Amino acid sequence: MDYNMNLCGGCLTCEIACSYKHTGEFNHLVSAIEIIEREDKPGYKVRIHHDNCGDRIVCDGCIDIEGDPLCVQYCRKSDDLRTIINAFRATLRSQQKSEGYENE
Ligand code: SF4
Ligand code: SF4
């Protein structure tokens, strides 16, 4: 899932934080969050990997954590990334409900 994030600076700290949380290593290439340079204009998009995609971690929204996941905690524009992750978490929860994995 791709989200526009106008104030993202492309630092990739979120990618590093995600890989560390899930693998104990700093390897942004396996991160569930991927920062992509926009083609249409300057800036970046945030891609959240939610399906199996090569070596990448599948984002579970870190719903085991109360509060902000590590990717958000280390983002310098955390308010914006938090909005994106919360939107993703909401999508995830509604998918789980419709698939019967979670009770109403
Ligand atoms: S919510 Fe968790 S799994 Fe998803 S990108 Fe952030 S740190 Fe990675
Ligand atoms: S940590 Fe925040 S500002 Fe840096 S690349 Fe990730 S989303 Fe963009």
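The model shown is predicted, which means the values in this text are computed figures rather than measured ones. (Residues numbered from 1 in each chain as written. Chains lettered and ligands numbered in written order. Predicted model: local features only at pLDDT ≥ 70, side-chain atom pairs only at ≥ 80, totals over all residues.)

Draft legend 1. Spatial organisation of the overall build of the protein. Helix and strand counts for the protein come out as three helices and three strands. The secondary structure elements of the protein, listed N-terminal to C-terminal, are β-α-β-β-α-α. A principal-axis box enclosing the C-alpha atoms of the protein has dimensions of 40 × 30 × 25 Å. Across the 104 residues in the protein, those meeting the buried criterion constitute 20%. The contacts in the protein between residues at least 6 apart in sequence include a share of 53% that link residues at least 24 apart. (Helix = DSSP H or I, 4+ residues; strand = E, 2+ residues; numbered from the N terminus. Buried ≥ 20, exposed ≤ 12 C-beta atoms within 10 Å, placed from the backbone. Contact = placed C-beta atoms within 7 Å.)

Draft legend 2. Seen up close, the nonpolar core. Grouped together as the largest cluster of nonpolar side chains are 17 residues, with contacts concentrated most on Cys14, Ile33, Cys71 and Leu81. Of all elements in the fold, only α1 (13-23), β3 (44-48), α2 (70-73) and α3 (78-98) reach the threshold of two or more residues within this core. When neighbours within four sequence positions are excluded, Cys71 is seen to be in contact with Cys14, Ala17, Cys18, Ile33, Leu81 and Ile85. (Core = buried A, V, L, I, M, F, W, Y, C linked by C-beta atoms within 7 Å.)

Draft legend 3. Just the site of ligand 2, in detail. With respect to spatial proximity, 14 residues lie near ligand 2, and among them Cys8, Cys11, Thr13, Cys14 and Cys75 are the closest. Per-class residue counts for the shell around ligand 2 are nine nonpolar, three polar and two charged. (Near = placed C-beta within 6 Å. Nonpolar A, V, L, I, M, F, W, Y, C, P; charged D, E, K, R; others polar.)

Draft legend 4. Representation of the site of ligand 1. The environment of ligand 1 is made up of 13 residues, and the closest members are Cys18, Ile33, Cys59, Cys62 and Cys71. Looking at the shell around ligand 1, the elements with two or more residues in it are α1 and α2. Among the residues forming the shell around ligand 1, the class breakdown is 10 nonpolar, one polar and two charged.

Draft legend 5. Quick peek at the sheet that holds strand β1 (residues 2-5). In spatial order, the strands read β1-β3-β2; together these three strands make up an open sheet with antiparallel pairing. In this open sheet, the two strands that pair with only one neighbour each are β1 and β2 (33-37). Averaged over neighbouring strand pairs, the angle between their axes works out to 30° when direction is ignored. Here β2 pairs with β3 via five bridges, running antiparallel. Paired with Glu34 across the two strands is Arg47, which belongs to β3. Along the sheet, α3 contacts β1 and β3; its crossing angle with β1, the most-contacted strand, is approximately 160°. (Pairing = 2+ DSSP bridges. Axes fitted to C-alpha atoms, helices over the stretch in contact; angles between N-to-C directions.)

Draft legend 6. Region of interest: α1. Along α1, the residues that are buried comprise Cys14, Glu15, Ala17, Cys18 and Ser19. In the core, the buried residues of α1 are packed alongside β2, α2 and α3. Immediately downstream of α1, the backbone of Gly24 shows phi near 80°, a positive value.

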